[in-house]
Amino acid sequence: MGHKRVYLDYNATTPLHPEVRKEMAEAMEMFGNPSSMHSYGREARANVEHARKTVAEFIGAHEDELVFVGSGSEANNTVLSLFACASNLCIPGFKGRQGIITTKIEHPCVLETSQCLMHRGSQVRLLDVDRYGRIDMEQLKEYLDDHIGLVSVMTANNEIGTIQEIREISRLAHEHGALMHTDAVQAVGKMPIDVNDLEVDFLTMSAHKIYGPKGIGALYVRKDTPYCPFIRGGHQERGRRAGTENTLGILGLARAVEMRRVEMDDEVRRLAEMKQVLKDGIAASIDEVEFNGHPEHSMSNTLNVSFPGAEGEAILLYLDLEGIAVSTGSACASGSLDPSHVLLATGSSAEQAHGSIRISMGRETTMDDIRYVLDVLPRVIEKIRNMSTAYVKGGAHAAAE
Ligand SMILES: *Cc1c(COP(=O)(O)O)cnc(C)c1O
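This is a predicted model, so every value here is computed, not measured. (Residues numbered from 1 in each chain as written. Predicted model: local features only at pLDDT ≥ 70, side-chain atom pairs only at ≥ 80, totals over all residues. Heavy atoms only, no water.)

1. Quick word on the site of the ligand
1) Next: Taken together, the neighbourhood of the ligand is formed by S71, G72, S73, H107, M154, N158, D183, V185, Q186, S206, H208 and K209.
2) Next: Within the side chain of S206, a nitrogen or oxygen atom sits 2.7 Å from an oxygen atom of the ligand.
3) Next: Notes on the ligand: free accessible area 380 Å², of which the protein chains cover 90%.
4) Next: Residue composition of the shell around the ligand, grouped by class: two nonpolar, eight polar and two charged. (Near = heavy atom within 4 Å. Polar contact = N/O pair within 3.5 Å; in protein donor to acceptor, adjacent residues only side chain to side chain. Areas by Shrake-Rupley, 256 points an atom, 1.4 Å probe, with all protein chains shown as cover. Nonpolar A, V, L, I, M, F, W, Y, C, P; charged D, E, K, R; others polar.)

2. Considering the packing of aromatic side chains
1) Next: Following the criterion strictly, the structure yields three aromatic pairs and no others.
2) Next: With a centroid separation of 5.5 Å and an interplanar angle of 45°, the aromatic rings of F31 and Y40 are classed as tilted.
3) Next: Assessed through its relative accessible area of 65%, F31 is described here as exposed.
4) Next: An aromatic cluster is present here, built from Y7, Y10 and Y211 joined pairwise through their rings.
5) Next: Over the ring of F291 we find K279; its NZ or CZ atom is 5.3 Å from the centre of that ring.
6) Next: Cation over ring: R363 sits above Y211, and NZ or CZ is 5.8 Å from the ring centre. (Phe/Tyr/Trp six-rings, centres within 6.5 Å; stacked < 30°, edge-to-face > 60°. Buried < 20%, exposed > 50% of the residue type's maximum accessible area, 1.4 Å probe, protein only. Lys NZ or Arg CZ within 6 Å of the ring centre and 35° of its normal.)

3. Focus on the environment of G212
1) Next: Positionally, G212 belongs in the loop between β7 (202-206) and β8 (217-221).
2) Next: Excluding anything up to four places from it in sequence, G212 contacts T14, L16, V20, A207 and A256. (Helix = DSSP H or I, 4+ residues; strand = E, 2+ residues; numbered from the N terminus. Contact = heavy atoms within 4.5 Å.)

4. Let's talk about the pattern of salt bridges
1) Next: In this structure the tally under the stated criterion is 28 salt bridges.
2) Next: D369 is paired through a salt bridge with K4; the nearest N and O atoms lie 3.2 Å apart. Taken as a pair, D369 in helix α13 (residues 367-387) and K4 in the segment before β1 (6-7) lie far apart in primary sequence, 365 residues in all.
3) Next: On the accessibility criterion, D369 (10% relative accessible area) is buried.
4) Next: Each of E19, K22, E23, R255 and E258 takes part in a single network of salt bridges with overlapping partners. (Salt bridge = Lys/Arg side-chain N within 4 Å of Asp/Glu carboxyl O.)

5. Quick look at the packing of helix α1 (residues 18-27) against helix α9 (residues 247-285)
1) Next: Two elements in contact, α1 and α9, have axes separated by 9 Å at closest approach and are oriented at 150°. Judged by the inter-axis angle, α1 sits roughly antiparallel to α9. Here α1 and α9 pass one another in a crossing that is right-handed. Along the contact surface, α1 presents E19, V20, E23, M24 and A27, while α9 presents L248, L251, G252, R255, A256 and M259. (Axes fitted to C-alpha atoms, helices over the stretch in contact; angles between N-to-C directions. Parallel < 35°, antiparallel > 145°, perpendicular 65-115°, else oblique. Left-handed = near helix turned anticlockwise from the far one by under 90°.)

6. Side note on the layout of surface pockets
1) Next: There is about 270 Å³ of room inside the second largest pocket.
2) Next: Along the wall of the second largest pocket there are 17 residues; nearest its centre are K275, K279, H294, P295 and S298.
3) Next: Mapped onto the lining of the second largest pocket, the elements with two or more residues apiece are α9, β9 (290-292) and β10 (302-306).
4) Next: Sort the elements by how many residues they give to the lining of the second largest pocket and α9 lands first, with four residues.
5) Next: Residue classes in the lining of the second largest pocket are distributed as seven nonpolar, seven polar and three charged. (1 Å grid on protein atoms, 1.4 Å probe; cavity = no way out; pocket = protein on both sides within 12 Å on 5 of 7 lines; lining within 4 Å. Points joined across faces, edges and corners; volume = space filled by probe spheres on them.)

7. Considerations on the domain arrangement of the protein chain
Reports often express the size of an interface as the amount of accessible area lost when the parts come together.
1) Next: In terms of domain boundaries, the protein chain breaks down into domain 1 (6-14 + 264-386) and domain 2 (18-259).
2) Next: Between the C-alpha centres of domain 1 and domain 2 the distance comes to 28 Å.
3) Next: The partner domain 2 presents 31 residues to the 28 residues of domain 1 that form the contact.
4) Next: The contact between domain 1 and domain 2 buries some 2500 Å² in all, and 57% of this surface belongs to carbon and sulfur atoms.
5) Next: Across the domain 1-domain 2 interface, the total number found is zero salt bridges.
6) Next: Inspection of the domain 1/domain 2 interface yields 16 residue pairs in polar contact (both at pLDDT 80 or more).
7) Next: Considering each element in turn, the side of domain 1 that touches domain 2 owes the most residues, four residues, to helix α11 (residues 341-345).
8) Next: Across the side of domain 1 that touches domain 2, the residue classes tally to nine nonpolar, 16 polar and three charged. (Domains from an automatic or database assignment. Buried area = accessible area lost by both parts, 1.4 Å probe.)

8. Regarding the packing of helix α2 (residues 39-58) against α9
Packed helix pairs are characterised by how far apart their axes lie and by the angle those axes make with each other.
1) Next: The geometry of α2 relative to α9 is characterised by a closest axis approach of 9 Å and an angle of 35° between their N-to-C directions. For the pair α2 and α9, the crossing hand works out as left-handed. For the pair formed by α2 and α9, the contact residues are A44, N47, V48, A51, T54, V55 and F58 on the first element and T247, I250, L251, L253, A254, V257, E258, R260 and R261 on the second.

9. Examining unusual backbone geometry
1) Next: Phi is positive for E199, close to 60°, though the residue is something other than glycine.
2) Next: One non-glycine residue, Y211, adopts positive backbone phi at about 75°.
3) Next: With respect to the element layout, Y211 can be found in the loop between β7 and β8.
4) Next: For Y211, a relative accessible area of 5% corresponds to the buried category.

So this is what it looks like as structure tokens:
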């Protein structure tokens, strides 16, 4: 008798939407190269361009402004690397502006690219965040000068769900002659996103976070914005990204977007309700918990919580034994078990950061799943805390008494 399985790691990836699977299964027959001029090629081209229109319209963009890329990570690498290019005069008008401002809580694909550019001589400034994960606007004003070519701030954080004031940030960037990029991988399809409302020049999205396939993303590039391809060698994507198009992925992404258009609003309401039940339930049944992220400006699907005295990895593994899949912010994949850079940036102690888990919900999550978590989690935390010699109930306070 197998027990219940509950997937609560939607911010890591999502299952394919059944409609996406159907679309892709049919599209597998269509093998033509969209660059070919015969009927096989023309059929593929027509489908790719139709998909481009669908995806572009979903974020308020024109189809000419949308470049299909291999992932969200590639889109982010492309934009940041433009400014390594700026020093080489690839993008006229930006000579001397190879500086980048980004934040301490970005996805590793932004942070590591920034670091690499810094080593190659670009100026990179990392913005601090407050305890809720929101950036410091005064510091942004202070950092903006005429060496800065790009400001890159994520719309919604993948670990703690905090949402930034992207439009305000764009305006400040533009006032100082810089371009604006946002990594909206966690936001597109989970909240209304319009590139004109946000006033951004570049925006990153990825299919597999919204029930589409892995290995396909899109980069929005505003009309007439300086640009330089990251992958060279072909005229695909109007010379903005070489390589034969991933037709299957592109059609899957477009179908995923169409389904988001239908399902998003109701789902957001449903998830917000479940998040509240989850939060209240945890607070009522477990001692000394700390919720991370912004209390209001936060994704309705994401709850990040710290349990001092319990290691996040232990919680994850014990929950997994009960069929529940969550994640921790630690870089355990690299074998280092560093505490989450996001939580440290919000001022969490290393202990608090180590003891945190991220519960991220999605379209298949039910209230029944949430009740199951609320049944299992208190037992798991108690068990781990009892095993931990370091944990003293009441923390340092009680220990001192
Ligand atoms: C998942 C994610 C990415 C990376 O997207 P991939 O398509 O997996 O490369 C980038 N930024 C954020 C915020 C993400 O959550």
